[in-house]
Each structure stands twice: as C-alpha cells, then as structure tokens.
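Each chain is listed here by its residues.
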Amino acid sequence: MNIINFTPYSALTGGLLIGFAAFIFFIFNGRLSGVSSIASDGVFSKVNRIDNLLFLIGLIIGPILYSFSGKEIESIITNSLPLLILGGLLVGVGTKIGNGCTSGHGVCGISRFSIRSITATIVFILTGVFTVLIFGV
C-alpha cells in the first residue's frame, strides 16, 4: 500500500457526503439518484424534468466550484480521441445492459440490499481489478 496516498479521512468524508446526497435526493424526490437513468431521461422526461436538469447541472458545477479551492486533482487520461469515444460508447452500452451505472448500483442499490446491484457492483470492481492487472495501469 502506498501510505503517502492513503487518505482514509477524505475518503470517509466523501463517502458520507455521497450517501447523504443520495438520501436527500430520495427524500425530496421519491426516487433514486442513479446518474445514468437521470442522464438518459434528461430534460426530455415529461416528469421530473427540472429535477433532472438541476441534478445534471450540479454534476457540472460541483467540480468547477472545487477548482476554486486551489487544490489540484492529478489525472492521467489518454489524448487519443478515438479511444475516448470508444470508451464513452462502451460505458453507455454497459449502463444500458446493466440497467444502471456504478453510482446507481453502488450507492443506491446496495443500500437497498438489491441482489442485482450487489452483483453488478462486484462485477464492476472485478472488471477494474482485471483491467489494471492486464494493462498494468
């Protein structure tokens, strides 16, 4: 384990904030806050149109506000446009096949003890582990 990058307090704080936000979203809207379903419904849904729009705007504004804190997030990403497009398409197809994304299954589904969500989250994690093992990221 890399002890320099071990950040249990910030990870715990972030997890608590995500869980609390999902709880508040459910209390006020009566539905789960899975990003893929909200993004696919988007502003074109006949119900919850403004809720969907505000949720998506919040996903964009959050990182912008964080950037004003002066802290920098190190990120390594490919500069290959075809690879980025392919990755985005695969994520989109995967969320449709899996009936949800990691946020929906991992945060909201597991908290409801959904077997489908627990299984999906285990598959997400194992796929990530195998990807790192294969490509040595």
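Here the structure is shown first, and the text comes after it.
No experiment lies behind these values; they were computed from the predicted model shown.

Draft legend 1. The overall build of the chain, seen in detail. Looking only at helices and strands, the chain has six helices and zero strands in total. For the chain, the residues scored as buried account for 16% of the 137 residues in total. In the chain, once contacts between residues fewer than 6 apart in sequence are set aside, the share between residues at least 24 apart is 29%. Entry remark: accessible area of the chain is about 10700 Å², with carbon and sulfur atoms responsible for 74%. Of the charged side chains in the chain, 7 are positive and 4 negative, and the gap between their average positions amounts to 15 Å.

Draft legend 2. Representation of the packing of aromatic side chains. Counting across every chain of the model gives two aromatic pairs. Residues F25 and F55 carry aromatic rings whose centres are separated by 5.2 Å and whose planes lie at 65° to one another, so their mutual orientation is edge-to-face. Of the two residues, F25 is situated in helix α1 (residues 8-29) and F55 in helix α3 (residues 49-67); the sequence distance between them amounts to 30 residues. Given a relative accessible area of 11%, F25 falls into the buried group. Among the residues examined, F55 registers a relative accessible area of 19% and is labelled buried.

Draft legend 3. Quick peek at α3. The first and last C-alpha atoms of α3 sit 28 Å apart over 19 residues, in line with the 27 Å expected at 1.5 Å per residue. A maximum bend of about 25° is found in α3 at I60, where proline P63 lies one to four positions downstream.

Draft legend 4. Layout of unusual backbone geometry. Even without being a glycine, F113 presents a positive backbone phi close to 60°. Of note, F113 is situated in the loop between α5 (102-111) and α6 (115-135).

Draft legend 5. Layout of α5. Of the residues making up α5, those classed as buried are G104, H105, C108 and G109. An end-on view of α5 places all buried positions within 120° of arc, on one side of the element. Away from the buried face of α5 by more than 90 degrees, exposed residues T102 and S111 are located. Of the surrounding secondary structure, the elements contacted by the buried residues of α5 are α1 and α6. Trailing α5 by a residue or two, F113 shows a phi angle of about 60°, which is positive.

Rules and cut-offs
- Residues numbered from 1 in each chain as written.
- Predicted model: local features only at pLDDT ≥ 70, side-chain atom pairs only at ≥ 80, totals over all residues.
- Heavy atoms only, no water.
- Helix = DSSP H or I, 4+ residues; strand = E, 2+ residues; numbered from the N terminus.
- Buried < 20%, exposed > 50% of the residue type's maximum accessible area, 1.4 Å probe, protein only.
- Contact = heavy atoms within 4.5 Å.
- Areas by Shrake-Rupley, 256 points an atom, 1.4 Å probe, with all protein chains shown as cover.
- Lys, Arg positive; Asp, Glu negative; His and termini not counted.
- Charge placed at Lys NZ, Arg CZ, Asp CG, Glu CD.
- Phe/Tyr/Trp six-rings, centres within 6.5 Å; stacked < 30°, edge-to-face > 60°.
- Expected span 1.5 Å × (residues − 1).
- Bend = angle between axes of the 7 residues up to and from the residue.
- Arc of directions from axis to C-beta.

All quantities given are derived from atomic positions and should not be read as evidence of function.
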